[in-house]
Amino acid sequence: MQKVLVDIPQDVQSRAQKIKAILFDVDGVLTDGSIIYTNSGDEIKAFNVKDGQIISHLKRLGFTVGAITGRESVLVERRCQELKLDYCFQGVKDKFQIVQDIAEQKGLKLEEIAYIGDDIIDLKVIKNVGLGVAPVDALSYVKDEAHFITVKGGGNGVLREVGDLVLAAQGDFEGVLNSLM
């Protein structure tokens, strides 16, 4: 759908046309980055259902989808299982190495990978993949290195925005919409 591509620079559209995998951080991307603890020590995170909606369509079309996070959380594991992600790496210190390993396993070039991140630990990946993305509320020096900055902030549909962009750039967005009507 061309509306998705309105205001998207041509170089970003060209990068999105090559993407075969979408990988992402969790805190600050799938969530707003808040970590809430209850008095009993339980952790609470809020995930946006819109992000989950696009994953099944991406997977059906053959995309690899996965989370790579520096923290470890039972809630993240549960959400990754619920979304049926191909990958859920937690406690990662070198995210670029994980991305390289996934690329090798899947026979992908780095230019065929989109990565969404918001913090210093994501910089090396953002700089070295085909489509490096930062949410609008990411740290300024992360946004400076990204190919694309989303309209949405972390936890507010960032993955959905990127998924829609990639599908539209590859001419598959209309097909996804039509399959639902």
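The structure presented is a predicted model; accordingly, all values stated were derived computationally and were not measured. (Residues numbered from 1 in each chain as written. Predicted model: local features only at pLDDT ≥ 70, side-chain atom pairs only at ≥ 80, totals over all residues. Heavy atoms only, no water.)

Novice: Tell me about the packing of aromatic side chains, and name the residues and values.
Specialist: By convention here, two paired aromatic rings are described through the distance between centres and the angle between planes. Enumeration according to the criterion identifies one aromatic pair in this entry. Here Tyr87 and Phe89 contribute two aromatic rings whose centre-to-centre distance is 5.7 Å and whose plane-to-plane angle is 15°, an arrangement assigned as stacked. (Phe/Tyr/Trp six-rings, centres within 6.5 Å; stacked < 30°, edge-to-face > 60°.)

Novice: Give me the lowdown on the sheet that holds strand β1 (residues 21–24), citing residues and values where you can.
Specialist: Pairing within the open sheet is parallel, and its six strands lie in the order β5-β4-β1-β6-β7-β8. Only two strands of the sheet have a single partner each, and these edge strands are β5 (87–89) and β8 (148–149). Relative to strand β4 (residues 64–68), β1 runs parallel, the two being bridged by four bridges. Looking across to β4, one finds that Phe24 is bridged to Ala67. (Pairing = 2+ DSSP bridges. Helix = DSSP H or I, 4+ residues; strand = E, 2+ residues; numbered from the N terminus.)

Novice: Could you give an account of a nonpolar patch on the surface, naming the residues involved and the relevant values?
Specialist: A surface patch of nonpolar side chains, amounting to about 340 Å² of accessible area, comprises Ile120, Ile121, Leu139 and Tyr141. Topologically, Ile120 is positioned in the loop between β6 (113–116) and α6 (123–128). (Patch = residues over 30% accessible without salt bridge, like charges linked within 9 Å, V, L, I, M, F, W, Y side chains within 5 Å. Areas by Shrake-Rupley, 256 points an atom, 1.4 Å probe, with all protein chains shown as cover. Salt bridge = Lys/Arg side-chain N within 4 Å of Asp/Glu carboxyl O.)

Novice: Talk me through the side chain of Lys45; I want residue IDs and the actual numbers.
Specialist: With respect to the helices, strands and loops of the structure, Lys45 is situated in the loop between β3 (43–44) and α3 (49–60). Judged by relative accessible area, which is 11%, Lys45 ranks as buried. A polar side-chain atom of Lys45 sits 3.4 Å from a polar atom in the side chain of Glu43. Apart from the residues lying within four places of it in its own chain, the contact partners of Lys45 are Asp27, Thr31, Ile35, Arg71, Ser73, Leu75 and Val76. (Buried < 20%, exposed > 50% of the residue type's maximum accessible area, 1.4 Å probe, protein only. Polar contact = N/O pair within 3.5 Å; in protein donor to acceptor, adjacent residues only side chain to side chain. Contact = heavy atoms within 4.5 Å.)

Novice: Please provide a residue-by-residue account of the packing of α3 against helix α8 (residues 158–169), values included.
Specialist: Two elements in contact, α3 and α8, have axes whose closest approach is 7 Å; the angle formed by their N-to-C orientations is 35°. Handedness of the α3/α8 crossing: left-handed. Of the residues in α8, those touching α3 at Lys50, Asp51, Gln53, Ile54, Ile55 and Leu58 are Val158, Leu159, Arg160, Gly163, Asp164 and Leu167. Here the residues of the contact of α3 with α8 are counted per class, giving six nonpolar, two polar and four charged. (Axes fitted to C-alpha atoms, helices over the stretch in contact; angles between N-to-C directions. Left-handed = near helix turned anticlockwise from the far one by under 90°. Nonpolar A, V, L, I, M, F, W, Y, C, P; charged D, E, K, R; others polar.)

Novice: Quick rundown of the nonpolar core? Include the residues and the values.
Specialist: Among the nonpolar cores identified, the biggest contains 35 residues, and Ile22, Phe24, Leu85, Ile116, Leu131, Leu159 and Val166 are the most heavily contacted of them. For this core, the element with the most residues is α8, which contributes eight residues. With sequence-adjacent residues up to four places away left out, Leu85 is seen in contact with Phe24, Ile55, Lys59, Val65, Gly66, Ala67 and Cys80. In this structure, Val99, Leu108, Val129 and Val142 belong to the second largest nonpolar core, which totals 21 residues. (Core = buried A, V, L, I, M, F, W, Y, C linked by side-chain atoms within 4.5 Å.)

Novice: Run through the packing of helix α2 (residues 10–17) against α8, naming residues and quoting values.
Specialist: Packing of α2 against α8 leaves a shortest axis separation of 8 Å and a crossing angle of 85°. Judged by the angle between their axes, α2 and α8 are roughly perpendicular. Here α2 contributes Val12, Gln13, Ala16 and Gln17 to the contact with α8, which in turn contributes Leu165, Val166 and Ala169. (Parallel < 35°, antiparallel > 145°, perpendicular 65-115°, else oblique.)

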